[in-house]
Amino acid sequence: MIARASKLFLPTLREDPADAEAVSHKLLVRGGFVRQLATGLWSFTPLGWRVQRRIEQIIREELDAFGAQEWLAPVLTPIELWETTGRAGIPELFRLQDRTGRRYILPLTHEETFAFHGRELRSYRELPQWWYHFQTKDRDEPRPRGGLLRVREFIMKDAYSFDRDAAGLEHSFRLHEQAYVRIFERCGLETYEVQAESGIMGGSGSMDFLAPSASGENTLVTCENGDFAADVEVASTVPRPPAFPERLDAPQEVETPGATTIDDLSKLLDVDPAATSKAMPVVKADGTLVLGLLRGDDRLEEMKMLAALGSDFRPATEDEIRAAFGADPGSLGPIGFDGEVVADNALREGQFVAGANRTGWHLLGVEAARDFEPRFADLRQSREGDSCPTCGGRLRFQVAIEVGHIFKLETTYSGPLEARFLDEDGTEKTVLMGSYGIGPGRVMAAIVEQHHDELGIRWPASVAPYDVHVVALAGAEEIAERAAERLDAAGKAVLLDDRADARAGEKFADADLIGIPVRVTVGRKSLEDGAADVRDRTTGKERRVAVEEL
C-alpha cells in the first residue's frame, strides 16, 4: 500500500511538549503518534495506531502459535464479581451505576470475568484452555506520567490459562513465558525476565519482564557475570560484611543519650552502622503489632515486608510504640518485647547493637537465637555495593520499564467464583488459573526509549508504521511515484511524502523524527541517472540504487 503524506494526518512538532520528561513522551508527541485528551488519557493518531496494531499482531501470532484462543470480553463489569473475590475495594477502580442503580466497575484487568466464563469448563477432558483478548482497561491512577508509561486508560493483552493440576499450570506458565521472550525479541526490545511480587493479583508467584530505560519506574538488578537478574522489590542480594566489635558473652547495657538515629548511635559508640540493628515496629491489618528488625545500614523493602507478614501493614504510632515497648522510638529492640519479631536474614550471624527498650539506652552484643527468637525473612532493600547471591559478582542497578507480567494465580479467582470441573477420578476440583499481561502502548513507549537518537525515533522494522519512507523533492514527483509503486509491488508498506508545500529540509526532519527504517530520497539527480538515495535510519548508511531495482 502507498500512503500519501499530503492526505494523512501527520501533526509533527519541532519542540518538545512542555510537561514531557520521558524520551518516549517527547518523541511520540513530536512525531505525531499520540495526542493527549486529558491527564492520563491519550489518543493514537493513524500513525501511532499502525504501530500499536503491529505490536498487537506480533503478540497475537506468538500466542496463536501454541494454541491460545482470542476472545473479546466487555469492559463494563458487574461489581459483584469483584466483591466475590475481595477486590472491589481496590482504590484504583473506577465505579459507576446504571440508571436502575446496578453497580459496575471499569476493570484494570479481567481475572474475574474469565474465571466467570471458566465455570463452563465441566470436564478434565476440556483442559487445558488458553484464552486471551485485547481490551481497554481503566485505572484511577493518581499520578499519570511519562506519556504512555503510566496512564488512566490503556489497551492490554491479558491472557488466562485453565488447568487441572499444578503440573498443568506450570506447563501453561512456561508456554506463555517462552512466547513473551519471542514477542519482545521480535519487537526489538532488550528485556530481562525477573522474579516479581504478585501484589493485588495474588497467587503463588510471578515473573516480570523489564526493559532497561531511564524513564522506568522499576529497578532492575543484574550481575556482571550474567547469572542473576531480579526486580529490586524481590532481589535477595548479599550485603557487605559488618566490622563487628569484640564478641560479648551477654548483652551489655550502655547509655546513649540523644542517639535516636543510626548515624548518631554509630558515631557515639564508634561502631560500624552495619553492626547495629534498626527497629521497625509495624501494625498488621488485624491490629497486631510486629517488630521488624533490619541491619542499621539497610532500608526496609515494603513489598518484602508485605510478603513476610502476609498482610497489609502500617508504621506503628508513637503511642502504640510506647505501649508495646515502654520506651520512645529510637531506643527499641527485640529483647523484652513479647510480640512477634521478624528479622532480616542479615541478622542471622553476629552480634549487633540494639535498643534496650529503655529511652536513651542501647544493648551491645545482641545475638539472634541466643538472646531472642525471631522469625527470619528477607526484608532489606538491595543496594549498590551488594554482591550477587549466585557468584559473588558485582551487581548493576538499572532503571527499567515493566513491559510484561505473568502470574500463577492458582485458585485465587476460580475458587471464589466456583470454576470447577470433574476430574478423571470422578471428583470435583477447582480449576487452576494463570494470568499473563502485556500493554502494547507501554511496549511502544519502551521501544522508543531504547531506539532513538537526537533526531528522533528509530523504529525496528517489525513494528514501524511503514516499511519505507519515500521523500519526493521538488521536480522529481513523477519518478518518486514510480519508486513508491515499485516498492508497493514488492509488498512494502510505503509512506510517500508528496507534500507540495513542504521544503526539503522539513521533509528530511520529519523523516528522521518519524523514524521509518528505510528512507528513499528522489530528487533532481534522479532525473539524470534514474536512481535514488536509500538511507538506513538506524545506521545512517546511504547507497545509490536504481529506481527500477528498488
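What's the story with the sheet that holds strand E7 (residues 103-106) in this structure? I'm lost.
Strands in a sheet are paired, the pairing made by backbone hydrogen bonds, and the direction either parallel or antiparallel. Taken in spatial order, the three strands of this open sheet run E5-E7-E6, and their pairing is antiparallel. If you trace the sheet from one side to the other, it starts and ends with strand E5 (77-78) and strand E6 (94-97), each paired once. In this structure, E6 lies alongside E7, joined through four bridges in antiparallel fashion. Paired with Arg95 across the bridge in E7 is Ile105.

For this particular structure, what's the right way to read the nonpolar core?
Most often, soluble globular proteins keep nonpolar side chains buried together rather than apart. Leu28, Phe33, Ile55, Phe184, Val403, Val443 and Trp459 are the most contacted members of the largest nonpolar core, which has 59 residues in total. Among the elements that line this core, the one with the most residues is helix H5 (residues 166-186), at seven residues. Non-local contacts of Phe184, meaning those with residues more than four positions away in its chain, are made with Leu189, Thr191, Phe209, Val403, Gly404, Ile438 and Val443. The next biggest cluster of nonpolar side chains, apart from the first, holds 24 residues, and it includes Leu121, Phe162, Leu417 and Val431.

Is there a simple way to think about the sheet that holds strand E21 (residues 375-377) in this case?
Across the sheet, which stays open at both edges, the five strands sit in the order E17-E15-E16-E18-E21 with mixed pairing between neighbours. With partners counted over all chains shown, the strands left at the sheet margins are strand E17 (313-315) and E21, one partner each. Strand-to-strand, the axes of this sheet are offset by a mean angle of 35 degrees, without reference to chain direction. Across three bridges, strand E18 (residues 341-344) lies against E21 in parallel orientation. Paired with Ala343 across the two strands is Phe376, which belongs to E21.

Got a minute to help me understand the pattern of salt bridges in this structure?
When the charged atoms of two side chains with opposite charge come close together, those side chains can pair. According to the stated counting rule, one finds 54 salt bridges in the structure shown. In this structure, Arg139 engages Glu141 in a salt bridge whose closest nitrogen and oxygen atoms are separated by 3.0 Å. The class of Arg139 is partly exposed, set by a relative accessible area of 25%. A relative accessible area of 5% places Glu141 in the buried class. The salt bridge involving Glu424 is made with Arg164; its shortest N-O contact spans 3.7 Å. Of the two residues, Glu424 is situated in the loop between strand E23 (420-422) and strand E24 (428-430) and Arg164 in the loop between strand E9 (153-163) and H5; the sequence distance between them amounts to 260 residues. A relative accessible area of 57% places Glu424 in the exposed class.

Explanation requested: helix H1 (residues 23-30) in the structure shown.
Note that an α-helix has 3.6 residues per turn; residues three or four places apart therefore point the same way. Of all eight residues in H1, six are buried; the element is thus mostly enclosed. Residues of H1 that are buried include every one of Ser24, His25, Leu27, Leu28, Val29 and Arg30, and no others. Buried residues along H1 sit against strand E2 (34-38), strand E3 (41-44), helix H9 (440-450), strand E26 (452-453), strand E27 (456-457) and helix H11 (504-514). Two residues or fewer past H1, Gly32 is found with a positive phi of approximately 75 degrees.

Looking at this model, I keep getting lost on the pairing of E3. Mind explaining?
In terms of strand pairing, E2 meets E3 through four bridges, oriented antiparallel. Within E3, the residue paired with Gln36 across the bridge is Trp42.

Definitions and limits used
Residues numbered from 1 in each chain as written. Predicted model: local features only at pLDDT ≥ 70, side-chain atom pairs only at ≥ 80, totals over all residues. Heavy atoms only, no water. Pairing = 2+ DSSP bridges. Helix = DSSP H or I, 4+ residues; strand = E, 2+ residues; numbered from the N terminus. Core = buried A, V, L, I, M, F, W, Y, C linked by side-chain atoms within 4.5 Å. Buried < 20%, exposed > 50% of the residue type's maximum accessible area, 1.4 Å probe, protein only. Contact = heavy atoms within 4.5 Å. Axes fitted to C-alpha atoms, helices over the stretch in contact; angles between N-to-C directions. Salt bridge = Lys/Arg side-chain N within 4 Å of Asp/Glu carboxyl O.

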